[in-house]
Amino acid sequence: MLNGNLGPGVRKAMEIVVALGRIFGARRLVKVESVQVAGVSYRNLGEAGLEFLNEWANQGARVRVPTTLNPAGIDLRAWREMGFSESFAHSQQAVVEAYRRFGIRPTCTCTPYLVGNAPGVGEHLAWAESSAVSYANSVLGARTNREGGPSALAAAITGRTAAYGLHLDENRRATLLVDVRCPVRATSDFGALGYLVGKAARNRVPYFVGLEVVGHGLPVPLLKALGAAMAASGAVALYHVAGVTPEADLPGILSPDHETLIVDDLRPAYDALNSDAHQIDLVWFGCPHAGMAEMAEVARLLAGRQVKAALWITTARETRERAKAEGLVGAIEASGGRVVADMCAVVAPMQELPFRALATPSAKGATYIPSHAGLAVRYGTVERCVEAAVSGVWPGNL
Ligand code: F3S
């Protein structure tokens with residue numbers, strides 16, 4: 001590959017993989033089972049990024065392992081009725097098309113593990129998208145570093161990545177014991193906990209004790225919320241939860257020289273993530289992209305009521321199809337909400353729409369929306385966000 005025997009596109013990819021290996025002192029490469037590529041929104045990529053992709057594809061580069069794609073900036077089908085511009089939509093479609101030329105599945109979701117790219121324990125991956133990386137490492141027990149857009153694509157084209165960081169046993173040991181001493185129940189509580197731990201983590205791997213575990217685990221939406229929040233506030237790519245995650249009970253997984261963080265109050269996270277916005281014009285669920293249970297919960301809470309604010313649930317196109325077949329999309333739309341596929345509000349051209357204040361139960365969304373989308377944020381439970389959608393204002397205590 002490096003000699004160019006498989007063409008210039010493959011050589012370029014291997015040069016990137018090898019360069020990263022040298023920088024991080026890797027001794028060898030490992031084969032990857034799958035790749036998740038990020039850097040899809042035209043808003044972040046721009047014309048230069050699109051040209052770079054097309055040139056690379058023109059050189060004959062194709063992926064050699066199953067590869068999925070992160071969210072784009074718009075719903076690729078419903079963008080017009082949502083109010084996004086024709087020019088952005090055109091450029092965004094061109095980006096997705098460029099990725100398709102590499103042989104990538106245009107899943108446009110940050111939850112590839114919900115649409116068929118679900119790796120097993122110990123599998124090596126090269127995933128970009130911080131929340132998916134966290135989920136793959138922590139909940140599924142697979143092994144991936146936080147790749148960037150080009151490095152993930154290079155790994156997909158070569159089928160390999162450099163063995164450093166979280167591919168190695170020694171870097172998967174927990175170095176921060178998180179002793180949870182307050183109730184953590186709602187999805188937004190898990191996000192709040194993740195926000196606080198991410199802030200304190202400073203490159204350490206957290207090990208949680210004290211979470212109320214139901215049966216043998218914690219529901220997927222809660223683990224998604226916890227990991228996404230830590231990834232956003234502190235670039236945490238791996239965590240363990242006693243009695244829940246697959247590596248938590250391995251001997252020696254908690255490093256003997258670990259430090260301890262006690263969390264006995266989630267209030268500081270709710271305070272940090274909330275503005276004082278009163279009027280709410282957009283309520284956003286599905287960050288990370290919603291699964292069936294999350295959609296069912298919103299549909300149940302709406303229960304035939306009409307929303308005053310816009311209500312979006314972002315999800316994978318495939319998940320949307322399933323939800324549609326089960327009547328969930330119809331139920332949410334009957335209330336005036338929208339089940340949006342392919343996109344994420346953080347990477348969307350939100351300045352094209354008339355919104356000023358957004359409510360969400362996602363700590364990752366609440367972290368990024370003010371700086372990336374320029375909207376004021378309200379952060380709270382799913383129940384509270386549904387009430388905000390129905391009334392158009394942020395409700396008092398619920
Ligand atoms: Fe996914 Fe966007 Fe949230 S990529 S995790 S929906 S910020």
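Residues numbered from 1 in each chain as written. Predicted model: local features only at pLDDT ≥ 70, side-chain atom pairs only at ≥ 80, totals over all residues. Heavy atoms only, no water.

Student: Can you walk me through the overall build of the protein in this structure?
Tutor: Looking only at helices and strands, one finds 14 helices and 14 strands in the protein. Looking at the protein alone, contacts between residues at least 24 apart form 78% of all its contacts between residues at least 6 apart. Carbon and sulfur atoms provide 51% of the accessible area of the protein, an area that totals close to 15900 Å². Computing the positive centroid from 38 side-chain charges and the negative centroid from 36, the protein places the two 4 Å apart. (Helix = DSSP H or I, 4+ residues; strand = E, 2+ residues; numbered from the N terminus. Contact = heavy atoms within 4.5 Å. Areas by Shrake-Rupley, 256 points an atom, 1.4 Å probe, with all protein chains shown as cover. Lys, Arg positive; Asp, Glu negative; His and termini not counted. Charge placed at Lys NZ, Arg CZ, Asp CG, Glu CD.)

Student: How should the site of the ligand be read in this particular structure?
Tutor: Around the ligand lies a shell formed by Pro71, Cys110, Glu129, Ser131, Trp284, Gly286, Cys287, Pro288, Cys344, Val346 and Lys364. For the shell around the ligand, the residue count by class is seven nonpolar, two polar and two charged. (Near = heavy atom within 4 Å. Nonpolar A, V, L, I, M, F, W, Y, C, P; charged D, E, K, R; others polar.)

Student: Can you walk me through unusual backbone geometry in this structure?
Tutor: Leaving glycine out, the prevailing phi sign among residues is negative, and the prevailing peptide bond configuration is trans. The peptide bond linking Cys287 to Pro288 adopts the cis configuration, its omega dihedral lying at -10°. Take Pro288: it is sitting in the loop between strand E10 (282-285) and helix H10 (292-302). Its identity as a non-glycine residue notwithstanding, Arg202 has a phi of 40°, on the positive side. By secondary structure assignment, the location of Arg202 is in the loop between helix H7 (187-201) and strand E7 (206-209).

Student: Just checking my understanding: could you explain the sheet that holds strand E9 (residues 254-263) for this structure?
Tutor: Working definition: the strands of a sheet are paired by backbone hydrogen bonds and lie parallel or antiparallel to each other. The four strands lie next to each other as E8-E7-E6-E9, forming an open sheet whose pairing is parallel. Only two strands of the sheet have a single neighbouring strand rather than two, namely strand E8 (240-241) and E9. Sheet strands touched by H7: strand E6 (174-180), E7 and E9. Its angle to E9, the strand with the most contacts, is close to 130°. (Pairing = 2+ DSSP bridges. Axes fitted to C-alpha atoms, helices over the stretch in contact; angles between N-to-C directions.)

Student: I tried to follow the side chain of Ser130 on my own but got confused; where do I start?
Tutor: Summarising the element assignment, Ser130 is placed in helix H5 (residues 130-138). Judged by its relative accessible area of 11%, Ser130 falls in the buried class. In this structure the side chain of Ser130 is engaged in a polar contact, spanning 3.5 Å, whose partner is the side chain of Lys364. Non-local contacts of Ser130, meaning those with residues more than four positions away in its chain, are made with Arg146, Ala231 and Lys364. (Buried < 20%, exposed > 50% of the residue type's maximum accessible area, 1.4 Å probe, protein only. Polar contact = N/O pair within 3.5 Å; in protein donor to acceptor, adjacent residues only side chain to side chain.)

Student: Would you mind showing me how to read the environment of Asn145 here?
Tutor: With respect to the element layout, Asn145 can be found in the loop between H5 and helix H6 (149-158). Look at Asn145 and you get buried, because its relative accessible area is 8%. C-alpha separation for the pair Asn145 and Ser130, spaced 15 residues apart in sequence, amounts to 9.3 Å. When residues no more than four places from it in sequence are discounted, the contact partners of Asn145 are Trp127, Val133, Tyr164, Gly165, Leu166 and His167.

Student: What am I meant to see in the nonpolar core here?
Tutor: Proteins that are soluble and globular tend to have nonpolar side chains buried together. Counting 113 residues, the largest nonpolar core has Phe102, Leu193, Phe208, Trp312 and Met350 as the members making the most contacts within it. Judged by nonpolar contacts, the second largest core, of 29 residues, contains Ala277, Phe285, Ala290 and Val386. (Core = buried A, V, L, I, M, F, W, Y, C linked by side-chain atoms within 4.5 Å.)

Student: Help me understand the pairing of E6, please; the structure alone is not making it clear to me.
Tutor: In regular strands, side chains alternate between the two faces of the sheet. When you tally the buried positions in E6, you get six out of seven residues, the bulk of the element. Looking at chain direction, E6 and E9 are connected through six bridges and run parallel. Within E9, the position partnered with Leu177 by the bridge is Thr260. When E6 meets E7, the two strands line up parallel, connected through four bridges. Within E7, the residue paired with Leu176 across the bridge is Pro206. In the classification by handedness, the crossover that spans E6, the intervening H7 and the parallel E7 is right-handed. (Right-handed = clockwise from strand over helix to strand, strands pointing away.)

Student: When you look at the packing of aromatic side chains in this model, what are you seeing that I'm missing?
Tutor: Working definition: an aromatic ring pair is given by the centre-to-centre distance plus the angle between the planes. In this structure the tally under the stated criterion is eight aromatic pairs. Ring centres of Trp56 and Phe102 lie 6.2 Å apart, and the angle between their planes is 85°; on these two criteria the pair is classed as edge-to-face. Separated by 46 residues along the polypeptide, Trp56 in helix H2 (residues 42-58) and Phe102 in the loop between helix H4 (86-101) and strand E4 (125-127) bring together distant segments of the chain. Across the pair, Phe102 and Trp56 agree in class, each one buried. Ring geometry for Tyr270 versus Tyr379: centroids 5.2 Å apart, planes at 35°, classification tilted. With Tyr270 in helix H9 (residues 267-273) and Tyr379 in strand E14 (residues 376-379), the pair connects residues that are 109 residues apart, well separated along the chain. (Phe/Tyr/Trp six-rings, centres within 6.5 Å; stacked < 30°, edge-to-face > 60°.)

Student: Would you explain the sheet that holds E4 in this entry?
Tutor: Ordered in space as E3-E2-E4, the three strands form an open sheet in which the pairing is parallel. Of all strands in the sheet, those bounded by a partner on one side alone are strand E3 (67-69) and E4. When the angles between neighbouring strand axes are averaged without regard to direction, this sheet yields 15°. Inspection of the sheet shows strand E2 (residues 34-37) paired to E3 by three bridges, in the parallel sense. Looking at the pairing, Val35 lines up with Thr67 of E3. Relative to the sheet, H6 contacts E2, E3 and E4, its axis offset from that of E2 by approximately 150°.

Student: Explain H4 to me, please; I cannot follow it from the model alone.
Tutor: One turn of an α-helix holds 3.6 residues; hence residues three or four places apart share an orientation. In a regular helix each residue adds 1.5 Å, so 16 residues correspond to 22 Å; H4 covers 23 Å between its end C-alpha atoms and thus fits that length. When we look at burial in H4, the residues that qualify are Phe88, Ala89, Ser91, Gln92, Val95, Val96, Ala98 and Tyr99. In this structure, the buried side of H4 is in contact with E2, H2, E3, helix H3 (79-82) and H6. Of the residues one or two after H4, Gly103 is the one with positive phi, at around 95°. (Expected span 1.5 Å × (residues − 1).)

Student: Would you explain the side chain of Arg320 in this entry?
Tutor: Considering the arrangement of structural elements, one finds Arg320 in helix H11 (residues 317-325). Looking at Arg320, the relative accessible area reads 12%, which means it is buried. A distance of 3.1 Å separates the side chain of Arg320 from the side chain of Glu333, its partner in a polar contact. Residues within four places of Arg320 in sequence aside, it is in contact with Thr315, Val329, Glu333, Val339 and Ala341.

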